[in-house]
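The primary structure of each chain is shown beneath.
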Amino acid sequence: MDNGDGTTTTSAQDFVDALAEPAVVFDRYLDVVAANRLAGAVSASLTVGTNLARFTFLNPHVEDSVAGWEAEAHRTAATFRDSLEQHEADTRFRQLLGELMARSPAFASEWAAGADRPAHRGVTTFDNPLVGRVLLRWEQFRRQEDPEHVLVVWTAADDDAAAHLDALRAVLSR
């Protein structure tokens, strides 16, 4: 997946496109670098080019509209901190960290608290404008030979979520 210059090969996009479930690949800065259409249909945060930390902490609508936002914020800050521990802080990382600290009191508070190790699986609720609330299980995968990128795949947590994902698939197939 890694070209050696921080970018991903087409194979990362091809891989997530081949999955039947919502899936994304994000990099060390929490930038979504590959995403399938179903992931983007579930949430605007799951589209290529979105920075998950900025989306979580700087989007004025997210905190008020996302069920369980505090848990998501905690997990995002923990993932960002974990990335710093795994990779050297470069100019881009320092700029992003500075932006988040300056513009988001919630991020600054999470960062100062020294977030726990990030979870690698869990459950997230998405509020989708087309199908309503969708409860999805997620799991992160990392290849040893590509420490720069993380794959996240979501699956339905219950029958309602499965029906909602099927409805989104139907919309995408039109």
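Heads up: these notes are all about the structure in this document. What you see is a predicted model; the values in this text were computed from it and never measured.

The subject of this paragraph is the layout of surface pockets. In this structure, the largest pocket spans a volume of roughly 560 Å³. Around the largest pocket sit 29 residues that line it, and Ser43, Ser45, Phe55, Thr56 and Phe126 are the ones nearest its centre. Per element, the largest residue contribution to the lining of the largest pocket is 5 residues, and it comes from helix 5 (residues 69-86).

Let's shift gears to the pairing of strand 3 (residues 121-128). Two strands pair when backbone bridges link them, and strand 3 and strand 4 (residues 132-141) are joined in this way by 8 bridges, in the antiparallel orientation. Within the sheet, the bridge partner assigned to valine 123 lies in strand 4 and is arginine 137. Linkage of strand 3 to strand 4, two consecutive antiparallel strands, is achieved through a turn of 3 residues.

As a further point, take the pattern of salt bridges. For the structure shown, the criterion picks out 10 salt bridges. Between arginine 28 and aspartate 90 there is a salt bridge whose closest N-O contact spans 3.8 Å. Taken as a pair, arginine 28 in the loop between strand 1 (23-27) and strand 2 (32-35) and aspartate 90 in the loop between helix 5 and helix 6 (91-103) lie far apart in primary sequence, 62 residues in all. Judged by its relative accessible area of 12%, arginine 28 is buried. Residues aspartate 127 and arginine 133 are paired through a salt bridge, measuring 2.7 Å at the closest nitrogen-oxygen approach. The exposure class of aspartate 127 is partly exposed, given its relative accessible area of 35%.

Bringing helix 7 (residues 105-113) into the picture now. All buried positions along helix 7 are accounted for by Phe107, Ala108, Glu110 and Trp111. An end-on view of helix 7 places all buried positions within 165 degrees of arc, on one side of the element. The outward face of helix 7, more than 90 degrees from its buried face, is lined by the exposed residues Pro105, Ala112 and Ala113. On its buried face, helix 7 is in contact with helix 3 (52-58), helix 5 and helix 6.

On to the nonpolar core. Membership of the largest hydrophobic core comes to 36 residues, with the highest contact counts inside it found for Val24, Phe80, Leu100, Phe107, Leu136 and Trp154. Once residues within four sequence positions are removed from consideration, valine 24 is found in contact with Val16, Val32, Ala34, Ala35, Ala39, Leu46, Val150, Leu151, Val152 and Trp154. The next biggest cluster of nonpolar side chains, apart from the first, holds 7 residues, and it includes Ala12, Val16, Ala34 and Leu151.

What counts and what doesn't
- Every residue gets a number counted from 1 within its own chain, in the order that chain's sequence is written.
- The predicted origin of the model limits local features to residues at a pLDDT of at least 70 and limits the giving and counting of side-chain atom pairs to 80 or more, whereas totals for whole chains, interfaces and linings rest on all residues.
- Neither water nor hydrogens contribute to the side-chain values; these are computed over all heavy atoms in the structure.
- A cavity, in this analysis, means grid points on a 1 Å lattice covering only the protein atoms where a 1.4 Å probe fits yet has no way out; a pocket is instead an open set bounded by protein on both sides within 12 Å along at least five of seven lines, and a residue lines either one if it has an atom within 4 Å of a point.
- Grid points are joined across faces, edges and corners, and a volume is the space filled by probe spheres set on the points.
- The numbering of helices and of strands both runs from the N terminus, where a helix is a DSSP run of H or I of at least 4 residues and a strand a run of E of at least 2.
- We treat two strands as partners when DSSP finds at least two bridges between them.
- The term salt bridge refers to a pairing of a side-chain nitrogen on Lys or Arg with a carboxyl oxygen on Asp or Glu at a separation within 4 Å.
- We call a residue buried when its accessible area falls under 20% of the maximum for its residue type, exposed when it is over 50%, and partly exposed in between, using a 1.4 Å probe and counting protein chains only.
- The arc in question is the one traced by the directions running from the helix axis out to the C-beta atoms.
- Contact between two residues is taken to exist if any of their heavy atoms lie within 4.5 Å; hydrogens are not considered.
- Residues belong to one nonpolar core when they are buried, are Ala, Val, Leu, Ile, Met, Phe, Trp, Tyr or Cys, and are joined through side-chain atoms within 4.5 Å.

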